[in-house]
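Structure assessment
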Amino acid sequence: MNFQLPNLSPMVPELTMTALALIVLLIDLLIKKKEILALISMAGVAIVAVTLLGSSGVTFGNMFISDGYSSFFKLIFFINVILSVLISIKYIAIERVNYGEYYSLILFSTIGMMIMASAGDLIVLYLGLELMALSTYILAGFIRHDVKSNEAALKYFLLGAFSSAFLLYGISIVYGLTGTTDLKAIASFISEKGLANNFSLLLSVIFLTVAFGFKIAAAPFHMWAPDVYEGAPTSITAFMSVGPKAAGFAVLGRVFMVAFVSVKVDWVAILIPLSILTMAVGNIVALSQTNIKRMLAYSSIAHAGYALLGIITANNEGLASMMNYLMIYAFMNIGAFAVIIMLRSEGFKGDSIYDYEGLSKTHPWAAALMLIFMFSLTGIPPTAGFIGKLYIFISAINAGYTWLVVVAVIFSAISAYFYMRIVMYMYMREPKVTVTLSTSLPTDFALVITTVAVLVIGVFPSFLVGLARAAIRGF
Amino acid sequence: MIQQLFFAYFAFVIVVLSLLVITRKNPVHSVLWMLLLFFHIASLYLLLNAEFMAAIQVIVYAGGILVLFLFAVFILNIREELRINKFIGAWPTGLTFAVGLLVVIIMSIKSFIAAPPGIYSIDLIKQETHTKALGKLLYTEFLYPFEVTSLILLVAIIGAIVLAKRRLKS
């Protein structure tokens, strides 16, 4: 029996991240000041980001793929984790859940996302997804003394388990048909044996779409999102509206573009109505929301609909614009949540949209920042949100889906109503309740990063767009 | 022939038992039917020449997880299942979807073409013994997913401690 240790150099970022999560878990026992754990986590993630540079390659017999595509997504996850930790520090102290496990669970969830982005095999993909999801379920219920948080965790868990069942059923059909779980081997088997018109294969594609649809919160699999986003701790809402969604898109892109490339016509036909429905549900239901976290949950559903356009184009240009969009979404969404988190103070929830009335008079800076993020989420220049939508629409038009872009633009226009309502409340109404902002250095720092990113990408988009295009090359 | 007969028996009983598990009003009855269900699943593994899996199924599921279920039922002291209209009111819709899904899956069976079998034929496994073959695969070809599983279990432990053990601060 001879055993050769596989080449571990492509997975150095994952290994470092795992070590970091375990170290944070252990140090938690020794120190009383949990803020130090946040610092260690952020510094560690920064180191992991550096190790990402020299980590391209394939290992464990194609089960782990580190390429430009996965590295770009990992960059989104790192930005997500750093920004989420920054806005968490003060918030979890206010919510009285300042425990060290919080940070290690965030890191474990990120490891799951990284494994998903790099998965070259359906089994690994499933395990990464479970690692990410399980950590997020726990984080959603982290405020144990709050019934809403319990409810969020339970709903997320039940529906997540349900979607996992769909994923596993889909994987088992693919395995039964092709005898392999390796994405590239599946693709070559399908084209060799001419399985492209097989009904069973189509069924498995549908099951995988359902499972990934749950993760990216696409309608009609979005039912969990509003309740979970509302009930979960706000910092975790920010975290999971970006991370798991991006990870879902990463696997959606890789599985469909690599394994099911020969049944492109079928899955594009499934994704088009899904995308339209997602944009419709997200944007229209958001109009009637009065809780800002719930409103942003529907907004997050709508953004999944726009990003789906990038996959529908089914070419590298579309994927690059989808990646670009998710990166921009990370900045603008966490930025908006950072403002929401500042409104939460001792004995004041601050999650109703009426709490924003007259904010420009009492707290002009917070109002101005919220204005920028709301503009960006709507997609108004010169903010990053405009660039994201612009590139995704251009790639869809180039692929011949002009009518779909028209639909998306109409829904974008509808979305302006509920985003601008917040702006209108802040600037044109008189303050009714006294809002005290719970500012802290880390939250300010997160706000500076997100604001600068949203504005700089909005004015000079070429760097990010070039990065996404370079990342997709050779995919 | 005998093998097919056995398979038909076990497959049929598994379906019946699964239905019993989800339809009993008394949770203790559900759990006990589930015990029987796990034994029948273990027998299916035996038919597949996977004696190690069968043993694990009995030890882990019947011996471990089921006892936990019983403890949970016991601690919560549920005599009869709660029926809240809000949650079960929409059962006709659910049933429609379930039946629809069943029809679609049955339709797809016709077009299902099984892939050529892999290298682990019954003879090879007999020669190598099932446990050895499984162990070898887990630590070589499937080492990476195996290690990821360990992380998932760790997260589950952390979750249980965070959500259950921590004293509430009000």
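Here, the structure is the one placed above.
Now for a description of the structure that goes with this document. Note that the coordinates shown come from a computational prediction; the quantities given were computed from them, not determined experimentally. (Residues numbered from 1 in each chain as written. Chains lettered and ligands numbered in written order. Predicted model: local features only at pLDDT ≥ 70, side-chain atom pairs only at ≥ 80, totals over all residues. Heavy atoms only, no water.)

**Remarks on the overall build of chain B**
- Of regular secondary structure, chain B possesses eight helices and zero strands.
- Ordered by position in the sequence, the α and β elements of chain B form the string α-α-α-α-α-α-α-α.
- A globule of 170 residues ought to have a C-alpha radius of gyration of about 15 Å, yet chain B, at 21 Å, is considerably larger.
- In terms of overall dimensions, chain B has C-alpha extents of about 60 × 40 × 25 Å along its principal axes.
- Taking all 170 residues of chain B together, the buried fraction comes to 22%.
- When contacts within chain B are restricted to residue pairs at least 6 apart in sequence, those whose partners lie at least 24 apart make up 61%.
- Only carbon and sulfur atoms are counted for the fraction: they give 74% of the accessible area of chain B, which is about 12400 Å².
- Of the charged side chains in chain B, 13 are positive and 7 negative; the average position of the first set lies 16 Å away from that of the second. (Helix = DSSP H or I, 4+ residues; strand = E, 2+ residues; numbered from the N terminus. Rg over C-alpha atoms; globule rule 2.2 N^0.38 Å. Buried < 20%, exposed > 50% of the residue type's maximum accessible area, 1.4 Å probe, protein only. Contact = heavy atoms within 4.5 Å. Areas by Shrake-Rupley, 256 points an atom, 1.4 Å probe, with all protein chains shown as cover. Lys, Arg positive; Asp, Glu negative; His and termini not counted. Charge placed at Lys NZ, Arg CZ, Asp CG, Glu CD.)

**Points about the overall build of chain A**
- The helix and strand tally for chain A stands at 19 helices and two strands.
- In terms of overall dimensions, chain A is globule-like: its C-alpha atoms have a radius of gyration of 21 Å, near the 23 Å expected for 475 residues.
- Along the first, second and third principal axes, the C-alpha atoms of chain A reach 70 × 55 × 40 Å.
- A buried classification covers 65% of the 475 residues belonging to chain A.
- Relative to all contacts within chain A whose residues are 6 or more apart in sequence, the contacts with residues 24 or more apart total 82%.
- With the model as given, the accessible surface of chain A reaches about 15800 Å², and the carbon-plus-sulfur share is 70%.
- Of the charged side chains in chain A, 26 are positive and 22 negative, and the gap between their average positions amounts to 3 Å.

**As for the packing of aromatic side chains**
All names here are of chain A.
- Applying the stated criterion across every chain, the model contains 26 aromatic pairs over all chains.
- Judged by centre distance (5.3 Å) and plane angle (85 degrees), the rings of Tyr-102 and Tyr-103 are edge-to-face.
- An angle of 40 degrees between the planes, with centres 5.2 Å apart, marks the rings of Phe-256 and Trp-267 as tilted. A residue pair is termed long-range when its members are at least 10 positions apart, and Phe-256 in helix H10 (residues 234-259) and Trp-267 in helix H11 (residues 264-286) qualify at 11 residues.
- Of the residues examined, Phe-256 reaches a relative accessible area of 0% and is grouped as buried.
- On the basis of relative accessible area, Trp-267 is assigned to the buried category, the value being 0%.
- An aromatic cluster is present here, built from Phe-162, Phe-166, Tyr-169, Phe-207, Phe-214 and Phe-221 joined pairwise through their rings. (Phe/Tyr/Trp six-rings, centres within 6.5 Å; stacked < 30°, edge-to-face > 60°.)

**Quick look at unusual backbone geometry**
Residue and element names in this part refer to chain A.
- Cis geometry marks the peptide bond from Ala-219 to Pro-220; its omega dihedral reads 0 degrees.
- Residue placement: Pro-220 occurs in the loop between helix H8 (199-216) and helix H9 (224-231).
- Note the cis peptide between Pro-381 and Pro-382, where omega equals 5 degrees.
- Relative to the helices and strands, Pro-382 is located in the loop between helix H15 (364-378) and helix H16 (384-398).
- Located in the positive-phi region is Arg-96, a residue other than glycine, with phi close to 60 degrees.
- Locating Arg-96 in the fold gives a position in the loop between helix H3 (68-94) and helix H4 (101-117).
- Taking the relative accessible area as the measure of exposure, Arg-96 reaches 46% and is therefore partly exposed.
- Non-glycine residue Ala-314 carries a positive phi angle of around 55 degrees.

**Points about empty space enclosed by the protein**
Residue and element names in this part refer to chain A.
- One pass over the structure, following the stated rule, counts two cavities of 30 Å³ or more.
- Quantified by volume, the second largest cavity comes out at close to 70 Å³.
- Taken together, Glu-317, Ala-320, Ser-321, Asn-324, Tyr-391, Ile-394, Ser-395, Val-465, Ala-468 and Arg-469 make up the full set of residues lining the second largest cavity.
- If you list the elements that add at least two residues to the lining of the second largest cavity, you get helix H13 (316-343), H16 and helix H19 (462-472).
- Across the lining of the second largest cavity, the residue classes break down as five nonpolar, three polar and two charged. (1 Å grid on protein atoms, 1.4 Å probe; cavity = no way out; pocket = protein on both sides within 12 Å on 5 of 7 lines; lining within 4 Å. Points joined across faces, edges and corners; volume = space filled by probe spheres on them. Nonpolar A, V, L, I, M, F, W, Y, C, P; charged D, E, K, R; others polar.)

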